[in-house]
Amino acid sequence: MTDQTAKLFEELVELNYQLYNSLFLTLPLDAVEQTGTLLPLLVESCESGLEQGHDPVRIIGDFFEQHRAHFTQDEQLQFLFKIIQYVERQVVLIDALEDAAYSRIHQIENKSSLLRLTERAEDDGSAEKLGQLLASFGVRVVLTAHPTQFYPGQVLAIISDLSDAIGGARIGEVRDLLQQLGNTPFFKKEKPTPYDEAVLLTWYLGNIFYPAIGDIVDPLAARYPKSINSNSELISIGFWPGGDRDGNPFVTTDTTLRVAARLRHAVLQCYHQDLRTLKRRLSFHGVYELLDRLEKRIRDELVDKSGRDDISLTDMFSALDEAEKLVIDRYQSMYLEPLRSFRRKLTLFGFHFASIDIRQDSRVIAGALNAIADKVKGVLPDDFESMTEQDQVNVLFRCQGEVDVSQFEDPVVRDTIESFDVIRRIQASNGERGAHRYIISNCRGPVDVARVIALFRLCGWGDDAISVDIVPLFETVNDLRHGGESMTSLYLNEHYQAHLRQRRKRQTVMLGFSDGTKDGGYLMANWAIYSAKETITTVSREAGMEVIFFDGRGGPPARGGGDAYLFYAAHGKNIESNQIQMTVQGQTISSHYGIKVAASHNLGQLMTAGLENNLIDRADRELDDLQRNLIRDLAERSYAKYEAFKQHELFMPYLEEMSVLKYYAMANIGSRPSKRGGSGALKFEDLRAIPFVGSWSQLKQNVPGFYGLGTALKAQEDFGRLDACLDLYQRSRFFRALIANSMQSMSKTNFELTRYMESDPRFGEFWQDIYQEYLLSREMVLKVAGQQELLQDNARSRLSIRLRERVVLPLLTIQQYALIRIRECREQDDQKRLAVYEKMVVRTLFGNINAARNSA
């Protein structure tokens, strides 16, 4: 299979890239007119220069001396900016080629993994059990507003059209689209607003998720109609733009309401189009009129947004039920399935399309409650801070009163208070699923959860049932370790028990891979989360509650990314997996869900992993005591190595001075700040995971994806226990997934790019420490996996990474060249040149991140 995949990739992607890139070189574009012949020469200069140990300044200097000696300094800089523009578009070409070849290089046959599972269930007699699972099973992907999506909307549209033209071998059309691409700007001169981010993501909802989810659900409904037709949570979409307030001062209640209205409008547009299509076939007397009335009412709402006569879900279901009865009774059930397919979409998407999550930091929530207590007497007792945790929780759960938001001037306090009423307003317009979760970032325990309940009571909900799931987000290693204790304390509280009974005795818990890895390193973060899931599952089952794990996964393995199927298929019976929920961020949205076939494949894989966990017993999913102790020991040793590295006095200076960390804030790619807190000195705890992981990625060092792993495995070898690690790799899906995802991180490293730092008087030894841990980690994972090269068993990923890394090598070299020049300009106080080189660094971020597809 690996050899076949490699052959397909070389044929469909690599060879076609050479063909279409050659075509691109000849295009009459102002932005690239001088680069057609010179770019390949620059690639060769970068490769040979780095191989000889030259630093980026010498490589760029030698290139100009050899090929454009007459260029002035300004002309050299202008040329480098043109190179950046050109390589950005080469990356788009690779994206389009991989999208066009997606079905073949991913070995997607006529039957999806999900349908193969249903056939297997029918063959082995477990079809009835699968039907029961499907009645309550669910997958939710949550689209986030995190700033790693560098393609503006117009470029995404070109990629879609380009993929289609390439798939149809329409070379003339490809040429025109490449020329259009060359003239279309990538760089955003102004930061997007949170609403802008929401608008961009609604494109995916209407054009990708809506049809893709229908394609997944319809074949399942043919086999299990009762289970599928009644399950409104089988596949759902979550939405963070406009709702995620954690550290984003630009999200307001007005933004949240506008986004909710936009989501309702977007799904009504989809329904309107579907009804128009249905009317073309269901032209029968009585049926046509029912559908026509529905279509006109939806059209009226889309045109008139006053809300005077908005259609309701009850109206729509009633009309569809009546139409279905007529089709069955009078018209021989003709075109009945398209009608039922539309009804299933209505069941899944309602009027909300995607559920907006409200998220806020626990410290901000506490600040808002304290502000209320200062203004409103009796909200909290005077000795509240000196109470035990249990007493504080009980006081908060019994909190009563009413808050007048006009009393507060602080905009963050006002927004926090208003956000609770906003949830109620969205539920009134879009249905309960429109906004039904309040996520507590940096949750430290039961008191943080109780504060949110108290604020609901004080901010408009009164004694009414709170139709919202309170979701603690455990992120640090310490919070993950105590997650089970926190949940046990909540489950034992009679007030919280009453709340959970109103929420179908289900508790959602979010686990943060991004900050977990930043805090504890790759191996410890993954093990801490796995262990936390097991512990929380145990205490939840003992309390008679179903826990739903919501995984805050980023793009790269260093932020919980990598192969999602491998990750979820490794969950054993000790981890609840009746619901699979995960965030999808940044360019991972476009790479995994940018085209319908990819979205169908990846959503189907998630469903298959979860259903298999509940349906099929597999020995390699469960860890015995010896395996558990071995992984725990590996995690502790890895954590000790990473913690010592993190505490090194040069850790933060290295990131600030030698990486692109500070330039993430300058790139207008997202609405939120690049760090938490104010504008003071940068502290590790204030670092957001995206610029933290992304900076290591741009350095091509990828520290969070492997650091400490090599040391931990080497210790086992020194103790004579390497065979146990090899056995663990063979017998544990969880461990294999860890190793495979770390291999992905390491295969995107290139230490030759920064080898010049080895001789830096301040950072030389620090760089060498990172490099030696990389060499050790690579050596040990290859030993454990029995492979000769990284990702030997995953040709598709290996070849894609190799092609992309070669294409962006000039960008990486230019970026390091600019960073070196920036340090020189600062020493010389040359502000004019400094501004140019800083702009150059920012411009290189785009292509590098897009090429990696999951770098942050």
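A brief structural summary. (Residues numbered from 1 in each chain as written. Predicted model: local features only at pLDDT ≥ 70, side-chain atom pairs only at ≥ 80, totals over all residues. Heavy atoms only, no water.)

### Observations regarding the overall build of the protein
Across its full length, the protein carries 36 helices and eight strands. A compact globule built from 856 residues would reach a C-alpha radius of gyration of about 29 Å, and the protein, at 28 Å, matches this within 12%. With the C-alpha coordinates aligned to their principal axes, the bounding extent of the protein is approximately 80 × 70 × 60 Å. Buried positions account for 62% of the 856 residues belonging to the protein. Once local pairs closer than 6 in sequence are excluded, the contacts in the protein between residues at least 24 apart make up 81%. Carbon together with sulfur atoms contributes 47% to the accessible area of the protein, which is approximately 33200 Å² in total. Mean positive and mean negative side-chain charge positions of the protein (101 and 117 charges, respectively) differ by 3 Å. (Helix = DSSP H or I, 4+ residues; strand = E, 2+ residues; numbered from the N terminus. Rg over C-alpha atoms; globule rule 2.2 N^0.38 Å. Buried < 20%, exposed > 50% of the residue type's maximum accessible area, 1.4 Å probe, protein only. Contact = heavy atoms within 4.5 Å. Areas by Shrake-Rupley, 256 points an atom, 1.4 Å probe, with all protein chains shown as cover. Lys, Arg positive; Asp, Glu negative; His and termini not counted. Charge placed at Lys NZ, Arg CZ, Asp CG, Glu CD.)

### Thoughts on helix α24 (residues 522-542)
With 21 residues, α24 should reach 30 Å at 1.5 Å per residue; the first-to-last C-alpha distance of 31 Å fits that figure. Of all 21 residues in α24, 17 are buried; the element is thus mostly enclosed. Directly beyond the C-terminal end of α24, a positive phi value near 75 degrees is found at Gly544. (Expected span 1.5 Å × (residues − 1).)

### Quick look at the sheet that holds strand β2 (residues 235-239)
In a beta sheet, neighbouring strands are held together by backbone hydrogen bonds and run either parallel or antiparallel to one another. On the basis of which strands lie adjacent, the closed barrel formed by eight strands has the order β1-β2-β3-β4-β5-β6-β7-β8 and parallel pairing. With strand direction ignored, the average angle separating the axes of adjacent strands in the sheet is 25 degrees. Across two bridges, the pairing between strand β7 (residues 546-552) and strand β8 (residues 579-584) is parallel. The residue of β8 that forms the bridge with Phe550 is Gln581. (Pairing = 2+ DSSP bridges. Axes fitted to C-alpha atoms, helices over the stretch in contact; angles between N-to-C directions.)

### Some points on unusual backbone geometry
With a phi angle near 55 degrees, Tyr335 is a residue other than glycine that sits in the positive phi range. With respect to the secondary-structure elements, Tyr335 resides in the loop between α14 (313-330) and α15 (336-349). You can call Tyr335 partly exposed: its relative accessible area is 36%. Even without glycine at this site, Leu791 takes up a positive phi of about 60 degrees. You can see Leu791 is positioned in the loop between α34 (764-785) and α35 (795-828).

### A short note on the packing of aromatic side chains
Summed over all chains, the structure comprises 40 aromatic pairs. Ring geometry for Phe64 versus Phe71: centroids 6.1 Å apart, planes at 45 degrees, classification tilted. With relative accessibility at 2%, the residue Phe64 sits in the buried group. Within the aromatic cluster, the residues linked to one another by ring pairs are Phe645, Phe651, Tyr654, Phe692, Trp696, Tyr707, Phe763 and Phe766. In this arrangement the basic side chain of Lys839 is found over the ring face of Phe81, its NZ or CZ atom lying 5.6 Å from the centre. It is Arg843 that lies over the ring of Phe846; its NZ or CZ is 5.6 Å from the centre. (Phe/Tyr/Trp six-rings, centres within 6.5 Å; stacked < 30°, edge-to-face > 60°. Lys NZ or Arg CZ within 6 Å of the ring centre and 35° of its normal.)

### Structural notes on helix α16 (residues 362-375)
One turn of an α-helix holds 3.6 residues; hence residues three or four places apart share an orientation. Over its 14 residues, α16 extends 20 Å from the first C-alpha to the last, a length consistent with the 20 Å expected when each residue adds 1.5 Å. When we look at burial in α16, the residues that qualify are Ser362, Ile365, Ala366, Ala368, Leu369, Ala371 and Ile372. Buried residues along α16 sit against β3 (355-361), α17 (389-397), α18 (411-430), β4 (437-441) and α19 (446-461). Between a side-chain oxygen at the N-terminus of α16 and the backbone nitrogen of Arg363 the separation is 2.8 Å; the capping residue is Asp361. (Polar contact = N/O pair within 3.5 Å; in protein donor to acceptor, adjacent residues only side chain to side chain.)

### Concerning the state of the cysteines
As enumerated under the stated definition, the model contains zero disulfides in all. Of the cysteine sulfurs around Cys399, a residue in no disulfide, the closest is that of Cys459, at 9.7 Å. (Disulfide = S-S within 2.5 Å.)

### Details of the packing of α16 against α19
Contact geometry for α16 and α19: axes closest at 10 Å, N-to-C directions at 45 degrees. The angle between the axes of α16 and α19 places the two elements in the oblique class. Here the hand of the crossing between α16 and α19 comes out left-handed. Contact residues: Ser362, Ile365, Ala366, Leu369 and Ile372 in α16; Asp448, Arg451, Val452, Leu455, Leu458 and Cys459 in α19. Here the contact of α16 with α19 is composed, by residue class, of eight nonpolar, one polar and two charged. (Parallel < 35°, antiparallel > 145°, perpendicular 65-115°, else oblique. Left-handed = near helix turned anticlockwise from the far one by under 90°. Nonpolar A, V, L, I, M, F, W, Y, C, P; charged D, E, K, R; others polar.)

### Here's the deal with the packing of α17 against α19
Running from N to C, α17 and α19 cross one another at 15 degrees; their axes reach a closest spacing of 8 Å. Judged by the inter-axis angle, α17 sits roughly parallel to α19. The handedness of the crossing between α17 and α19 comes out as left-handed. Taking contact as the criterion, the partners of Glu389, Gln392, Val393, Leu396 and Phe397 in α17 are, on α19, Pro446, Val447, Ala450, Arg451, Ile453 and Ala454. Broken down by class, the residue content of the contact of α17 with α19 amounts to eight nonpolar, one polar and two charged.

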